[in-house]
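Summary of structural features
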Amino acid sequence: GPNGTIAAVDALATCLFDFSLLLYGTGRGEEAEQKLQQAIDYFKELAESHQAEHRFRFALANARMTQGQMIGRRGDAEKASGVLQQAIREFEELGEADPDHPDYVEGRADGRLALAEMLRTLGRDKDEVDAYDQAITDYKSLIRAIPDAPRFRARRAITRTDKGQLLHELDLNPRAAS
């Protein structure tokens, strides 16, 4: 029946996503990005045709964030930041439906931290500081909600350190904040 088709497309998209990570890990970045784009296309199709199923929208946002990171590591910070901003928007939309869902808050926070790195490359200091501040706010709410998950404290510390580093550099070498 149609549910079997949904499960098959979901399984295929998930396999393509996992395969892209394996390819990326073995240095086959171009192939990895192609497989990841295929996974995103399938997740997008599932998310659009089954809007009540938040797991498809979550998988799409997650895959898109991974895509932004891959593009960024390849050196296209401008394109990467656009993809990451789209992923963050998708996590925000999921959060509107379920504001306290930790996976959505974590996805948004991780997306903002990755975005800050791209904005640094682009020299967009003010936007980078904003991304750090928003990520810190997200990590704080995660720490309050799930105090026994050390990864949130670790990521908040990384975010604060990166922000501090940026502010220190700007203090030493002020450039026009964009």
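Just so you know, these numbers come straight off a predicted model, no measurement behind them.

1. As for the pattern of salt bridges
Enumeration according to the criterion identifies 17 salt bridges in this entry. The salt bridge involving Arg120 is made with Glu128; its shortest N-O contact spans 3.0 Å. Of the residues examined, Arg120 reaches a relative accessible area of 28% and is grouped as partly exposed. In this structure Glu128 comes out as buried when scored by relative accessible area, which is 0%. The partner of Glu169 in a salt bridge is Arg120, and the shortest N-O contact between them spans 3.8 Å. Taken together, the residues Glu169 in helix α7 (residues 150-172) and Arg120 in helix α5 (residues 102-122) connect sequence positions 49 residues apart. Each of Glu92, Arg108, Arg112 and Asp138 takes part in one network of salt bridges that share partners.

2. Quick word on α5
End to end, α5 covers 30 Å across 21 residues, agreeing with the expected 30 Å (1.5 Å per residue, within 8%). When you tally the buried positions in α5, you get 15 out of 21 residues, the bulk of the element. After α5 finishes, the residue Gly123 shows a positive phi value of roughly 75°.

About the criteria used
- Residues numbered from 1 in each chain as written.
- Predicted model: local features only at pLDDT ≥ 70, side-chain atom pairs only at ≥ 80, totals over all residues.
- Heavy atoms only, no water.
- Salt bridge = Lys/Arg side-chain N within 4 Å of Asp/Glu carboxyl O.
- Buried < 20%, exposed > 50% of the residue type's maximum accessible area, 1.4 Å probe, protein only.
- Helix = DSSP H or I, 4+ residues; strand = E, 2+ residues; numbered from the N terminus.
- Expected span 1.5 Å × (residues − 1).

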